[in-house]
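One letter stands for each residue in the lines below.
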Amino acid sequence: MDVSKVQEAAAVLARAYATREPAEPLIKLFPEATVEDAYRIQQEQVRHWTSDGDAVRGHKVGLASAAMQRQMGVDQPDYGHLTGSMFHLEHQPIPTSAFLQPRIEPEIAFVLGSALRGPGVTVADAVRAVDFVLPSLEIVDSRIRDWKISLFDTIADNASSGGVVLGSSPTALGAVDLRLAGCVLYQNGSVAATGAGGAVLGSPLNSLVWLANTVGPLGVTLEPGHVVLPGSMTRAIPVSPGDTIVATIAGLGSVTAVFSEES
């Protein structure tokens, strides 16, 4: 894709954000586009957001579990950017009107204490870089109608990012085996899904390593203080106004997202 096509695709997604009307799949409009083109479209959006005063505060890895890959019909992970405006406070009402087609998924969030830059990052490097971990809920959203997404569509759409809710109980990385940490996701008091950390590329740490080594050659460093979401431990579930979502992760505690009632 040339620059004009990249900008055209980014504008389609920008209109979806502005109008709250999902767009048709981008792959239909740009059938010859590649995964590399999709990341260029993503970066074009990030440039607009930061020029308007937002700031990159971390990254997310999407489609890192077999459950999410099956649900979305893809066969590999992707990544997106987390900006400051995406973070919501735990227990504080979140308007669903801020999203188009919101779903939610539980994750173990890494908060970095030192920088990570690939290529060549190892698990040992990742362990040294992590300051602490938190239970978290990621709100995923799609600007593509009815979530009819290809891998190209979700990457271009910032890996279907929507929002983040972080728990308030930091835990040292060495205090929990992330692979064995079980998760129960509750929706309005009922169990909606279950999973474990090992569902995320065998271990969420593997996801962090994959991210650092994937974005490093592109000139991107995972910075101190950045939040990294490594991928969902369960399938994603749709959310509606008035929902209360709680994720309980063994060894890490719980995190709660409340979605406001809307008239």
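Going by the structure above, here's the rest.
Quantities reported herein were computed from a predicted structural model and do not represent experimental measurements. (Residues numbered from 1 in each chain as written. Predicted model: local features only at pLDDT ≥ 70, side-chain atom pairs only at ≥ 80, totals over all residues. Heavy atoms only, no water.)

Draft legend 1. Layout of the packing of aromatic side chains. Under the counting rule described, the total for this entry stands at two aromatic pairs. With 5.8 Å between their ring centres and 85° between their planes, tyrosine 17 and tryptophan 49 make a pair best called edge-to-face. Placement of tyrosine 17 in helix H1 (residues 3–19) and of tryptophan 49 in helix H3 (residues 35–51) is noted, with a sequence separation of 32 residues between them. Looking at tyrosine 17, the relative accessible area reads 23%, which means it is partly exposed. (Phe/Tyr/Trp six-rings, centres within 6.5 Å; stacked < 30°, edge-to-face > 60°. Helix = DSSP H or I, 4+ residues; strand = E, 2+ residues; numbered from the N terminus. Buried < 20%, exposed > 50% of the residue type's maximum accessible area, 1.4 Å probe, protein only.)

Draft legend 2. Spatial organisation of the side chain of serine 232. Take serine 232: it is sitting in the loop between strand E10 (227–229) and strand E11 (237–238). From its side chain, serine 232 meets the backbone oxygen of threonine 234 in a polar contact 2.5 Å long. (Polar contact = N/O pair within 3.5 Å; in protein donor to acceptor, adjacent residues only side chain to side chain.)

Draft legend 3. Examining the pairing of strand E7 (residues 161–166) more closely. Within E7, five of the six residues are buried, which leaves the element mostly enclosed by the surrounding structure. When strand E3 (residues 87–88) meets E7, the two strands line up parallel, connected through two bridges. Paired with phenylalanine 87 across the bridge in E7 is valine 164. Where strand E6 (residues 130–140) lies against E7, five bridges are found, and the strand directions are antiparallel. Looking across to E7, one finds that valine 140 is bridged to serine 161. (Pairing = 2+ DSSP bridges.)

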